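Given next are the chains, with one letter for each unit.
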Amino acid sequence: MSRRRSVMSEQLKYELAKDLGFANKVDQEGWGGITTKEAGNMVKRAIQLAEQAAANKSDRP
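Quantities reported herein were computed from a predicted structural model and do not represent experimental measurements.

Here is what the cut-offs are and how they apply
Residues numbered from 1 in each chain as written. Predicted model: local features only at pLDDT ≥ 70, side-chain atom pairs only at ≥ 80, totals over all residues. Heavy atoms only, no water. Phe/Tyr/Trp six-rings, centres within 6.5 Å; stacked < 30°, edge-to-face > 60°. Lys NZ or Arg CZ within 6 Å of the ring centre and 35° of its normal. Helix = DSSP H or I, 4+ residues; strand = E, 2+ residues; numbered from the N terminus. Expected span 1.5 Å × (residues − 1). Buried < 20%, exposed > 50% of the residue type's maximum accessible area, 1.4 Å probe, protein only. Contact = heavy atoms within 4.5 Å.

Asks: Looking at this structure, I do not really get the packing of aromatic side chains. What am I missing?
Replies: A ring pair, where both rings are aromatic, is described by two values, the distance of the centres and the angle of the planes. Per the stated rule, a full pass over the model turns up zero aromatic pairs. One Lys or Arg, Lys 13, reaches over the ring of Trp 31 and ends 5.1 Å from the middle of that ring.

Take a look at the structure:
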């Protein structure tokens, strides 16, 4: 089975993990150590940020 290519950069994922309070777990255990809930929270936050960026972009003349 092939691995999917990541949509988010490592830097963005790490920033999200820091914002959500589990970057230390990533440092110690790697991405495989996070829970499904933590991964889901990362996705939710990434979507929020993308929606905000799109809204800000559409507000410009």
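Asks: Would you take a moment to explain helix α3 (residues 36-59) for this structure?
Replies: Side chains of residues three or four places apart in an α-helix project in the same direction, reflecting 3.6 residues per turn. For α3, which comprises 24 residues, the first-to-last C-alpha distance of 35 Å matches the rise-based estimate of 34 Å (1.5 Å per residue) to within 8%. Every buried residue of α3 is accounted for by Glu 38, Met 42 and Ala 46. Looking at the buried positions of α3, the neighbouring elements they touch are α1 (10-20) and α2 (23-29).

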